Amino acid sequence: MDSLFSVEEKSIALKVRSFVDREIRPNIAQWYNDAHFPREIIPELGKLGVLGMHLKGFDCPGRSAVEYGLAAQELEAGDSGLRTFVSVQGSLAMSAIHKHGSLDQRLEWLPKMAKGEAIGCFGLTEPTAGSDPASMRTVAKQEAGGDWVINGSKRWIGLANIADVAIIWAQTGEIGDGRGVRGFVVPTNTPGFSAEVIEPKLSMRASIQCEIHLDNVRLPSTAMLPLDSAVGLRGPFSCLNEARYGIIWGVMGAARDSFNAALEYGNYRTQFGTSLNHFQLHQAKLADMAVAINKGYHLAHHIGRKKDTTGITPEMISTGKLDNTRVAIGIARDARAMLGGNGISLDYSPLRHANNLESVRTYEGTDEVHQLTLGRFITGVGAFSAAGGN
Ligand code: TGC
């Protein structure tokens, strides 16, 4: 794979890898065990240049999609929860403001978010609207004086309890009609905004997910993301595209780390008189894992280069998100099994990665959402709704 990347791209990947080796790897088992998100590393991530990494202007790093992908891969080799923070901050919250925000909204939030001085979250999913955001029940109503008043709730929202700003998607028209959905930039200290941590969790334990409650949250008319690109569901979906793109690369980092754990363990673990790496069955598994990881990297690389040149379609993103995530979870589980009983200890990474990847395969579009996105593209028939017509 090395020959596919420039010297500059490789040096960015190595810089992030050494950050992960120094700051994350020695601590991650403890954080995971304690369900602790290490908030203190956020400014360090800002200095590393990975917050809003692929966004241009407004003090954002302005790196390419491939460079962002390589960084996501290195971060997720550490832990999916930490890569998720970087995705939520950069690909969702910052990208919503960058793509759809007014100049004032961009100037106010993007420079400090790129430095890690302000934390963002992205509220789309609701307790009763997961795969089907068009059915959201959070409502924004505009009053005669121009103010917006938002009521509703959001669920599974990363970092909402420590965020300074939330991008809240709300219905401004009829419930069930995606065309009325609009985004709002909500400072989290606005009266009526609260966030409650969801626990206990068996996945992404070194990360925080929350339920947000919006109780008569009053905002000025300028709080809405004003651009036409944000009218309707294509507003949030255009941000999900960015986060899903990062996942295509990120999950291969978790797979690579699981593979390395199995390889290293096989070097020193002796059974039946010799180390595991001498056994043909162990080697066959390592070989299959290496082939799958290389294929996943090639897919990520191909989609990344296209994103940097001709652009990519939602179907390309669905292909990468669907396949690389399920490949990665299979590798993490196989690696766990290759570690035998020790594989269930937090001293080794594969089961932690496998558990994390259960979340990753679910958020930003489940396997089924991506299969149906591809199914619609292949057949021309939408099959999302049992009632048909979509
Ligand atoms: P559909 O009729 O297909 O489309 C509605 C409008 O959206 C446009 N569109 C897209 N635009 C850009 N990129 C995409 N990928 C797009 N997909 C659709 C479409 O062109 C249309 O635009 P317009 O202008 O014609 O109105 O919408 P649908 O409701 O039938 O969608 C079907 C489906 C299932 C594909 C979609 O609902 C979907 O992707 N569902 C999955 C939602 C999802 O991934 N949710 C996870 C959110 S993650 C979260 O909230 C927490 S953030 C993570 C964290 O905090 O940790």
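Before reading on, note that the structure itself is shown above.
All of the points below concern the structure found in this document. (Residues numbered from 1 in each chain as written. Predicted model: local features only at pLDDT ≥ 70, side-chain atom pairs only at ≥ 80, totals over all residues. Heavy atoms only, no water.)

Quantified by volume, the largest pocket comes out at close to 1400 Å³. Forming the walls of the largest pocket are 50 residues, and the residues nearest its centre are Gly130, Ser131, Leu240, Arg244 and Gly365. Among the secondary structure elements, those contributing two or more residues to the lining of the largest pocket are helix H5 (80-100), strand E1 (120-123), strand E3 (148-158), helix H7 (234-268), helix H9 (314-338), helix H10 (350-362) and helix H11 (367-379). Of the residues belonging to the lining of the largest pocket, the class tally is 20 nonpolar, 19 polar and 11 charged. Considered as a void within the structure, the second largest pocket measures approximately 260 Å³ in volume. For the second largest pocket, the lining is made up of 13 residues, of which Asp2, Phe5, Ala13, Arg17 and Glu74 are closest to its centre. (1 Å grid on protein atoms, 1.4 Å probe; cavity = no way out; pocket = protein on both sides within 12 Å on 5 of 7 lines; lining within 4 Å. Points joined across faces, edges and corners; volume = space filled by probe spheres on them. Helix = DSSP H or I, 4+ residues; strand = E, 2+ residues; numbered from the N terminus. Nonpolar A, V, L, I, M, F, W, Y, C, P; charged D, E, K, R; others polar.)

Counting across every chain of the model gives 7 aromatic pairs. Here Phe37 and Phe85 contribute two aromatic rings whose centre-to-centre distance is 5.6 Å and whose plane-to-plane angle is 50 degrees, an arrangement assigned as tilted. Of this pair, Phe37 sits in the loop between helix H2 (28-34) and helix H3 (42-48) while Phe85 sits in helix H5, placing them 48 residues apart in sequence. Here the aromatic rings of Tyr265 and Tyr348 are separated by 5.6 Å at their centres, their planes lie at 85 degrees, and the arrangement is edge-to-face. Here Tyr348 lies in the loop between H9 and H10 and Tyr265 lies in helix H7, a separation of 83 residues in the sequence. An aromatic cluster is built from Tyr265, Tyr268 and Tyr348, whose rings are joined through pairwise contacts. Positioned above the aromatic ring of Tyr245, the side-chain terminus of Lys307 is 5.4 Å from the ring centre. (Phe/Tyr/Trp six-rings, centres within 6.5 Å; stacked < 30°, edge-to-face > 60°. Lys NZ or Arg CZ within 6 Å of the ring centre and 35° of its normal.)

Inspection of the secondary structure assignment puts Ala262 in helix H7. Considered as a pair, Ala262 and Tyr348 are 86 residues apart in the sequence and their alpha carbons are 9.2 Å apart. Sequence-distant contacts of Ala262, that is, excluding residues within four places in its chain, are made with Asn277, His282, Leu286, Met289, Ala335, Met338 and Leu339. (Contact = heavy atoms within 4.5 Å.)

Take H11 next. Because an α-helix packs 3.6 residues into every turn, residues spaced three or four apart end up facing the same way. Counted at 1.5 Å a residue, the expected span for H11 with its 13 residues is 18 Å, and the 18 Å between its end C-alpha atoms agrees. Three or more residues of H11 are buried, namely Asp367, Val369, His370, Thr373 and Leu374. Lining the buried residues of H11 we find H7, H9 and H10. After H11 finishes, the residue Gly380 shows a positive phi value of roughly 80 degrees. (Expected span 1.5 Å × (residues − 1). Buried < 20%, exposed > 50% of the residue type's maximum accessible area, 1.4 Å probe, protein only.)

Take the nonpolar core next. Residues Leu45, Val50, Phe85, Ile150 and Phe184 are the most contacted members of the largest nonpolar core, which totals 57 residues. With sequence-adjacent residues up to four places away left out, Ile150 is seen in contact with Thr138, Val139, Ala140, Ile168, Ala170, Phe184, Val186, Leu214, Asp215, Asn216, Val217 and Leu219. Membership of the second largest hydrophobic core comes to 28 residues, among which are Ile97, Ala118, Ile167 and Leu233. (Core = buried A, V, L, I, M, F, W, Y, C linked by side-chain atoms within 4.5 Å.)

So, on to the environment of Gln142. Its place among the elements puts Gln142 in strand E2 (residues 139-142). Note on Gln142: relative accessible area 46%, which makes it partly exposed. Considered as a pair, Gln142 and Leu219 are 77 residues apart in the sequence and their alpha carbons are 9.4 Å apart. Here Gln142 is in contact with Asp147, Trp148 and Ser221, once residues within four sequence places are set aside. Of note is the side chain of Gln142, whose polar atom sits 2.9 Å from the backbone oxygen of Gly146. (Polar contact = N/O pair within 3.5 Å; in protein donor to acceptor, adjacent residues only side chain to side chain.)

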